[in-house]
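# Summary of structural features
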Amino acid sequence: MRNYLLLLTMFFLSSLPSLAQVGINETEPKAILHVNGDAIIESVPKLSTSLQKILTLNASNNRIEYVEAEKSFVKGFGGAGFSVLGTTLISGWNQVSFPNLEFDENTDYNTTNQYFVAPMNGIYNVAVYVKMTSLVNVSNLGVGIFKYTGGTTTLIADESYESLSVTILGIGVTSPPVRNTQTLVKLNAGDRIYFGIRSSNLVVFNNAEAQFSIFQVK
């Protein structure tokens, strides 16, 4: 019986470290593992799902916590300074420049080169709207959304059609000087989104009323 009790006691004592708090460079640990100093992790496994989280230090007690990775929320608008750039996205389409950002929660829009960069893999909602400054007769007027990945630029959504002037019951009717389009697109981290215009008279877009929005839905 004595031997049995001794073995039971030894087993209980040996299990205590797994239940106790452990301190490294810390005599009074305040967590299961309390490290007072830096740490090195040689390798980190890749995520097996699309869910991404960020490890942060709590400002009050330096505990490691996680937060969901910040999603993209960007909105830009035109008006004074909105212009068509000399850059050709694909044949017949010119890149446009938005002079103002209403908000860009994570600084994902490159204001110098005028494109959005996906910060992480996900599905994004992208929309763009342009209204010409005047009613003029132009042909094949269009606005488009472009995806750049792996060195290739692709038109993924557009609204393009002829600007028509017709007479109905003696009244002249001109198609509206507005073009807009929207789409959901799956992006990998580093993929870009551009906005483009095509028209026989690009000048009509200078200082146009315009806006775009991008937000990550997944």
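Criteria and cut-off values
- Within any chain, residue numbers begin from 1 and follow the written order of that chain's sequence.
- Totals for whole chains, interfaces and linings use all residues, but because this is a predicted model, local features are given only for residues with pLDDT of at least 70 and pairs of side-chain atoms are given and counted only at 80 or more.
- As a rule here, side-chain values cover all heavy atoms of the structure and leave hydrogens and water aside.
- Helix numbers and strand numbers start at the N terminus; a helix is a DSSP run of H or I with at least 4 residues, a strand a run of E with at least 2.
- The cut-offs for exposure are 20% and 50% of the maximum accessible area for each residue type, with area from a 1.4 Å probe on protein chains only; residues under the lower value are buried, those over the upper are exposed, and the others partly exposed.
- Areas reported as accessible are Shrake-Rupley estimates using a 1.4 Å probe. Residue values count occlusion only from the protein chains shown.
- For two strands to pair, DSSP has to find at least two bridges joining them.
- Note on geometry: axes are C-alpha line fits, over the in-contact stretch for helices, and angles between N-to-C directions span 0 to 180 degrees.
- Residues are treated as being in contact if the distance between any of their heavy atoms lies within 4.5 Å.
- Each polar contact in these results corresponds to two N or O atoms within 3.5 Å; when the atoms are within protein, one needs to be able to donate a hydrogen and the other to accept it, and residues that are neighboring in sequence are counted only if both atoms are side-chain atoms.
- pLDDT measures how confident the predictor is about each residue, on a scale from 0 to 100.
- Put simply, a nonpolar core is a bunch of buried Ala, Val, Leu, Ile, Met, Phe, Trp, Tyr and Cys residues held in one set by side-chain atoms that sit within 4.5 Å of each other.

Along the backbone of the protein chain there are one helix and 18 strands. For the protein chain, buried positions account for 30% of its 218 residues. When the accessible area of the protein chain is evaluated, it comes to approximately 14,100 Å², of which 56% is carbon and sulfur surface.

Here we take up the sheet that holds strand E18 (residues 209-216). Within the open sheet, the five strands sit side by side as E8-E5-E18-E11-E16. Their pairing is antiparallel. Whereas interior strands pair on both sides, the edge strands pair on one side only; in this sheet they are strand E8 (100-104) and strand E16 (178-187). Ignoring which end each strand starts from, the neighbouring axes of this sheet average 10° apart. Judged from the eight bridges that link them, strand E11 (residues 122-131) and E18 form a sheet pairing that is antiparallel. Residue pairing in the sheet places Asn 125 in a bridge with Phe 215 of E18.

What follows is about the environment of Glu 209. Structurally, Glu 209 is set in strand E18. A sequence separation of 131 residues divides Glu 209 from Gly 78, and the C-alpha atoms of the two residues are 5.4 Å apart. Each residue touching Glu 209, except ones within four places of it in the same chain, is listed here: Gly 79, Tyr 129, Val 130 and Lys 131. A polar contact of 3.4 Å, which involves the side chain of Glu 209, links it to the side chain of Tyr 129.

On average, residues of the protein chain score 81 in pLDDT, and 76% of them reach the 70 mark or higher. At the low end of the mean pLDDT range in the protein chain sits strand E14 (residues 165-168), at 46; at the high end sits strand E10 (residues 115-117), at 97.

Moving on, we get to the nonpolar core. Phe 98, Phe 116, Tyr 124, Ile 193, Phe 195 and Phe 205 are the most contacted members of the largest nonpolar core, which has 29 residues in total. Looking at this core, the elements with two or more residues in it are E11, strand E12 (141-149), E16, strand E17 (192-198) and E18. Tallying contributions element by element places E11 first for this core, with four residues. Among all residues touching Ile 193, those that are not within four sequence positions of it are Tyr 115, Phe 116, Val 126, Ile 145, Phe 146, Lys 147, Ile 156, Val 185, Leu 187 and Ile 214. By size, the runner-up hydrophobic cluster in this structure holds five residues, among which are Trp 93, Tyr 115, Phe 146 and Tyr 194.

As a further point, take unusual backbone geometry. For Thr 107, which is not a glycine, the phi torsion comes out positive at approximately 55°. Its place among the elements puts Thr 107 in the loop between E8 and strand E9 (109-110). On the accessibility criterion, Thr 107 (66% relative accessible area) is exposed. Of note, the phi angle at Gln 114 is positive, near 60°, even though the residue is not glycine. Among the structural elements, Gln 114 can be located in the loop between E9 and E10.

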